[in-house]
Amino acid sequence: MRLDKYLKVSRLIKRRTVANEACDAERVTVNGKTAKASYEVKVGDIIEMRFGERRTRVEVLAVSEYAKKEDAGAMYKELTTNS
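Everything numeric in this text was worked out from a predicted model, so none of it was measured. (Residues numbered from 1 in each chain as written. Predicted model: local features only at pLDDT ≥ 70, side-chain atom pairs only at ≥ 80, totals over all residues. Heavy atoms only, no water.)

1. Considerations on the overall build of the protein
This is how it is decided: The way it works is that DSSP assigns letters per residue, a run of H or I at least four long becomes a helix, a run of E at least two long becomes a strand, and they are numbered from the N terminus. We take the radius of gyration over the C-alpha atoms and set the globule estimate at 2.2 Å times the residue count to the 0.38 power. The contact criterion used throughout is that any non-hydrogen atoms of two residues lie within 4.5 Å. Note on areas: these come from Shrake-Rupley sampling with a 1.4 Å probe, and a residue is covered only by the protein chains present in the view. The charged-residue count follows a simple rule in which Lys and Arg add positive charge and Asp and Glu add negative charge, with His and chain termini not counted at all. A charged residue contributes its charge at one atom only: NZ of Lys, CZ of Arg, CG of Asp or CD of Glu.
If you tally the helices and strands in the protein, you get 2 helices and 5 strands. When its helices and strands are written in sequence order, the protein yields α-α-β-β-β-β-β. Since a compact globule built from 83 residues should have a radius of gyration of about 12 Å, the 11 Å found for the protein is in line with a globular shape. Reported as C-alpha extents along the three principal axes, the dimensions of the protein are approximately 30 × 25 × 20 Å. The contacts of the protein with a sequence gap of at least 6 include a subset with a gap of at least 24, amounting to 41%. Surface summary for the protein: the accessible area is close to 5,300 Å², and the carbon and sulfur share equals 46%. For the protein, the distance from the average position of its 18 positive side-chain charges to the average position of its 13 negative side-chain charges is 2 Å.

See below:
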């Protein structure tokens, strides 16, 4: 699954266009490397997002095309969040 779609389905970012823009602005890294929106997300990947002073690191636990709001949190494990 594409990175921008994963961020939207997992509800880490509300809209796919916002996820796409974050990737284009180099605010998203996967396994320590800047990632494009087209990156294919795999289980075990570490995604880090930076928005201003806020940093969020998560580990991908599952990749699913669709997730209900209550199931979205099971797609990843939050490692660190700095506000």
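After that view of the structure, there is still more to cover.
2. Concerning the layout of surface pockets
Convention followed: Cavity and pocket criteria rest on a 1 Å grid covering protein atoms alone: a 1.4 Å probe that fits but cannot get out defines a cavity, protein on both sides within 12 Å along at least 5 of 7 lines defines an open pocket, and an atom within 4 Å of a point defines a lining residue. Grid points are joined across faces, edges and corners, and a volume is the space filled by probe spheres set on the points. In the scheme used here, Gly and all other residues not listed as nonpolar or charged are polar, with Ala, Val, Leu, Ile, Met, Phe, Trp, Tyr, Cys and Pro taken as nonpolar and Asp, Glu, Lys and Arg as charged.
The volume enclosed by the largest pocket comes to roughly 160 Å³. Lining the largest pocket are L12, I13, V18, M49, F51, R54, T56, Y76 and E78. Secondary structure elements with two or more residues in the lining of the largest pocket: β3 (46-51), β4 (54-60) and β5 (76-82). When grouped by side-chain class, the residues that make up the lining of the largest pocket number 6 nonpolar, 1 polar and 2 charged.

3. Concerning the packing of aromatic side chains
Going by this rule: Within 6.5 Å between ring centres, the rings of Phe, Tyr and Trp (the latter by its six-membered ring) count as paired, and their orientation is classed by plane angle as stacked under 30 degrees, edge-to-face over 60, tilted in between. Throughout this description, the term charge over a ring refers to an Arg CZ or Lys NZ atom that lies within 6 Å of the ring centre and within 35 degrees of the ring normal.
Taken as a whole and assessed by the stated rule, the structure comprises 0 aromatic pairs. Geometry around Y66 places K5 over its ring, the cationic atom sitting 6.0 Å from the centre.

4. A closer look at unusual backbone geometry
Inclusion rule: Burial classes: relative accessible area under 20% of the type maximum marks a residue as buried, over 50% as exposed, and values in between as partly exposed (1.4 Å probe, protein chains only).
The phi dihedral of R11 falls on the positive side, at around 65 degrees, and the residue is not glycine. With relative accessibility at 42%, the residue R11 sits in the partly exposed group.

5. Comments concerning the pattern of salt bridges
For clarity, the cut-off: The term salt bridge refers to a pairing of a side-chain nitrogen on Lys or Arg with a carboxyl oxygen on Asp or Glu at a separation within 4 Å.
In the structure shown here, the tally under the stated rule is 6 salt bridges. The partner of R16 in a salt bridge is D4, and the shortest N-O contact between them spans 3.3 Å. You can see R16 sitting in helix α2 (residues 16-24) and its partner D4 sitting in helix α1 (residues 3-9), a full 12 residues away along the chain. Residue R16 is classed as partly exposed on the basis of its relative accessible area of 32%.

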